[in-house]
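# Breakdown of the fold
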Amino acid sequence: MPSSRPCTIPYVIGIIRQLQPESILDVGVGFGKWGYLFREYTDIVESEHDSGRYAKAGWKTTIDGIEGFERYLHPAHQFTYDEVHVGTVQEILPTLRVYDIVFFGDIIEHLMLDEGQAVLREAISHARKAVIITTPRYDTRQKTLCGNPLELHQSLWTVAALQSVSDCVVTPVDSDTLIAVFSSGATPRNVVRQWKRQASRLWLVERVRESISGVRNMATKARSVFASQGRHPRT
């Protein structure tokens, strides 16, 4: 679908803020969510210190995209992105410049494994700081959606499959998603490790919150059962 899992947003934006890119390539822009978020957490947040960066004329970060299904594009893309190239990533990526960050948001699983590995190696050669990937941890069996044959999922990316491309840091977001960061020589390894520590803490906090919510739900259900039976739970 022309969207991606919202649970990845704090993790991806966290490393974007750490790496402070001046240029980003968003592969598979879809509805354009990531373009908005990248613009907000590069130019717009900096308007606190430089008010001129709030207006489009003052934006300093280059944010380009690739989209294989032209019908997904709408006027908002023209505002948020500097340029969106229409075509497949295999066709377009080799023709583009080098960016600080190349981002694949739930995209790589739409390619066959060997094809995806080749695309990732190409992306690494086009990334000055990092290539960032989000991808499902399980086979979603996704078929053609929205009249777009490119929506078909054709591969499942494990940690081993990602690391077979090149050295990378991989962390789970939840039971459903992985994030991988391939850092280049321009990005100190300790920056990526620091991001992973922060991501791990965020993941743990989310799991604790889920556990607490689960216990509360169980307690609520137990009270309802006792009440329906005219009994009171022990406290």
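The structure contained in this document is the topic of the report that follows. (Residues numbered from 1 in each chain as written. Predicted model: local features only at pLDDT ≥ 70, side-chain atom pairs only at ≥ 80, totals over all residues. Heavy atoms only, no water.)

Another point: the overall build of the chain. Within the chain, the secondary structure is distributed over seven helices and seven strands. Along the chain, helices and strands appear, N-terminal first, in the series α-β-α-β-α-β-α-β-α-β-α-β-β-α. Of all 235 residues assigned to the chain, the portion counted as buried reaches 44%. Relative to all contacts within the chain whose residues are 6 or more apart in sequence, the contacts with residues 24 or more apart total 69%. Accessible surface, the chain as shown: approximately 12400 Å² in total, 55% of it carbon and sulfur. (Helix = DSSP H or I, 4+ residues; strand = E, 2+ residues; numbered from the N terminus. Buried < 20%, exposed > 50% of the residue type's maximum accessible area, 1.4 Å probe, protein only. Contact = heavy atoms within 4.5 Å. Areas by Shrake-Rupley, 256 points an atom, 1.4 Å probe, with all protein chains shown as cover.)

Take the packing of helix H1 (residues 9-19) against helix H2 (residues 33-46) next. How two helices sit against one another is set out by the angle between their axes and by the gap between those axes. Running from amino to carboxyl end, H1 crosses H2 at an angle of 40 degrees, the nearest separation of the two axes being 11 Å. When the axes of H1 and H2 are compared, the pair comes out oblique. With respect to the hand of their crossing, H1 and H2 are arranged in right-handed fashion. Seen from H1, the contacting residues are Ile9, Val12, Ile13, Ile16 and Arg17; seen from H2, they are Lys33, Trp34, Leu37, Phe38, Tyr41, Thr42, Val45 and Glu46. (Axes fitted to C-alpha atoms, helices over the stretch in contact; angles between N-to-C directions. Parallel < 35°, antiparallel > 145°, perpendicular 65-115°, else oblique. Left-handed = near helix turned anticlockwise from the far one by under 90°.)

A few words on the sheet that holds strand S2 (residues 62-67). Spatially, the seven strands line up as an open sheet ordered S3-S2-S1-S4-S5-S7-S6, and their pairing is mixed. One side of each edge strand has no neighbouring strand; the edge strands of this open sheet are strand S3 (83-86) and strand S6 (169-172). Direction aside, neighbouring strands of the sheet carry axes that sit 15 degrees apart on average. Alignment of S2 against S3, held across four bridges, turns out to be parallel. (Pairing = 2+ DSSP bridges.)

When you line up the elements, His85 lands in strand S3. Sequence-distant contacts of His85, defined by excluding residues within four places in its chain, comprise Asp64, Gly65, Ile66, Glu67, Ile92, Leu96 and Tyr99.

Under the counting rule described, the total for this entry stands at six salt bridges. The residue Glu46 makes a salt bridge to Arg17 at a minimum N-O spacing of 4.0 Å. In this pair, Glu46 is assigned in helix H2 and Arg17 in helix H1, connecting sequence segments 29 residues apart. Among the residues examined, Arg17 registers a relative accessible area of 35% and is labelled partly exposed. In this structure, Asp50 engages Lys60 in a salt bridge whose closest nitrogen and oxygen atoms are separated by 3.6 Å. (Salt bridge = Lys/Arg side-chain N within 4 Å of Asp/Glu carboxyl O.)

For H2, which comprises 14 residues, the first-to-last C-alpha distance of 19 Å matches the rise-based estimate of 20 Å (1.5 Å per residue) to within 8%. Considering bend angle alone, the principal kink of H2 is centred on Glu40 and spans about 40 degrees. Taken together, the buried positions of H2 are occupied by Trp34, Gly35, Leu37, Phe38, Arg39, Thr42 and Asp43. Looking at the packing, one finds that the buried side of H2 touches H1, strand S1 (23-27), S2, helix H3 (75-80) and strand S4 (99-105). (Expected span 1.5 Å × (residues − 1). Bend = angle between axes of the 7 residues up to and from the residue.)

With that settled, consider the packing of aromatic side chains. One pass over the full model with this rule turns up four aromatic pairs. For the ring pair Phe38 and Phe103, a centre distance of 5.3 Å and an interplane angle of 90 degrees mean the geometry is edge-to-face. Placement of Phe38 in helix H2 and of Phe103 in strand S4 is noted, with a sequence separation of 65 residues between them. Grouped by ring-pair contacts, the aromatic residues Trp34, Phe38 and Phe103 constitute a single cluster. (Phe/Tyr/Trp six-rings, centres within 6.5 Å; stacked < 30°, edge-to-face > 60°.)

Moving on: H1. When H1 is considered as a whole, its buried residues turn out to be Tyr11, Val12, Ile13, Ile15, Ile16 and Leu19. Just downstream of H1 lies Gln20, where phi reads positive at about 50 degrees.

The next point concerns the side chain of Asp106. Within the secondary structure layout, Asp106 lies in the loop between S4 and helix H5 (113-125). A residue is classified by how much of its surface remains accessible, and Asp106, at 8% relative accessible area, is buried. A polar contact of 2.7 Å, which involves the side chain of Asp106, links it to the side chain of Thr134. (Polar contact = N/O pair within 3.5 Å; in protein donor to acceptor, adjacent residues only side chain to side chain.)

On to unusual backbone geometry, then. Backbone geometry places Gln20, a non-glycine residue, at a positive phi of 50 degrees. Looking at where Gln20 falls in the secondary structure, it is placed in the loop between H1 and S1. What makes Gln20 exposed here is its relative accessible area of 57%. Residues other than glycine seldom take positive phi values, yet Asp106 does so here, at roughly 55 degrees.

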